[in-house]
Amino acid sequence: VQLQAFGGGQVQAGDSLRLSCAASGRTFSTYTVGWFRQAPGKEREFVAAMKRGSGATTYADSVKGRFTISRDNAKKTAHLQMNSLKPGDMGVYYCAVGERVITSSMALPAAYDYWGQGTEVTVSS
């Protein structure tokens, strides 16, 4: 599976962005999808994930109520709608997919098998 994340950019605090993740290869519906981000000098951190099958979602506390993850299995795409962006949301955003991601591991980068190259989000105050 190859993933390509895009949609990042430079915005002002309070603005919105919609990130997309396009997948190629195997059937997208068999994967749990996750979004992670990494700010300069910091470790990669979990943002949001959507389980395969049930579509159950989970979010980092820092983005709950502001970000929404979605997917379109037919188009092999996933999206991350980001509203009310804050400077703390800055970083490179990565999408990832995994076949055997259990619910308790959805926030763990090691649970995912394939990663996109990342798209950068800059938020100015």
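**Q** Please explain the packing of aromatic side chains as it appears in this structure.
**A** For any two aromatic rings, the description comes down to two numbers: the centre-to-centre distance and the angle of the planes. What the rule picks out here adds up to six aromatic pairs. Arranged with centres 6.2 Å apart and planes meeting at 90°, the rings of Tyr31 and Tyr114 form a pair that is edge-to-face. Highlighted residues: Tyr31 in the loop between β3 (17-24) and β4 (32-38) and Tyr114 in strand β10 (residues 114-115), separated in sequence by 83 residues. By the ring-pair criterion, three or more aromatic residues cluster together here, those being Phe36, Phe46, Tyr94, Tyr112 and Trp115. Across the ring face of Tyr94, the terminal group of Arg44 is positioned such that the distance to the ring centre comes to 3.9 Å. Across the ring face of Phe28, the terminal group of Arg71 is positioned such that the distance to the ring centre comes to 4.9 Å.

**Q** Mind showing me how you'd approach the side chain of Ser105 here?
**A** Topologically, Ser105 is positioned in the loop between β9 (91-98) and β10. The class of Ser105 is buried, set by a relative accessible area of 15%. Residue contacts for Ser105: discarding those within four places in its chain leaves Ala111 and Tyr112.

**Q** Help me understand the pattern of salt bridges in this model?
**A** A side chain of one charge can pair with a side chain of the opposite charge when the charged atoms of the two come close. Considering all chains together, one arrives at five salt bridges under this definition. A salt bridge links Asp61 to Lys64, with the nearest nitrogen and oxygen atoms 3.1 Å apart. Asp89 is the salt-bridge partner of Arg66, the closest N and O atoms lying 2.7 Å from each other. Here the residue Arg66 occupies a position in the loop between β6 (57-59) and β7 (67-72), and Asp89 occupies one in the loop between β8 (77-82) and β9, the gap between them amounting to 23 residues.

**Q** Just to check I follow, could you spell out the state of the cysteines for this structure?
**A** Note: disulfide means a covalent bond formed between the sulfur atoms of two cysteine side chains. Tallying each qualifying case throughout the model produces one disulfide. In this model Cys21 forms its disulfide with Cys95; the gap between the sulfur atoms is 2.1 Å. Handedness here is read from the sign of the S-S torsion; for Cys21 and Cys95, about 65°, the answer is right-handed. Taken together, the positions of Cys21 in strand β3 and Cys95 in strand β9 put the pair 74 residues apart, joining distant regions of the chain. Cys95 matches Cys21 in its accessibility class, with the two residues each being buried.

Calculation criteria
- Residues numbered from 1 in each chain as written.
- Predicted model: local features only at pLDDT ≥ 70, side-chain atom pairs only at ≥ 80, totals over all residues.
- Heavy atoms only, no water.
- Phe/Tyr/Trp six-rings, centres within 6.5 Å; stacked < 30°, edge-to-face > 60°.
- Helix = DSSP H or I, 4+ residues; strand = E, 2+ residues; numbered from the N terminus.
- Lys NZ or Arg CZ within 6 Å of the ring centre and 35° of its normal.
- Buried < 20%, exposed > 50% of the residue type's maximum accessible area, 1.4 Å probe, protein only.
- Contact = heavy atoms within 4.5 Å.
- Salt bridge = Lys/Arg side-chain N within 4 Å of Asp/Glu carboxyl O.
- Disulfide = S-S within 2.5 Å.

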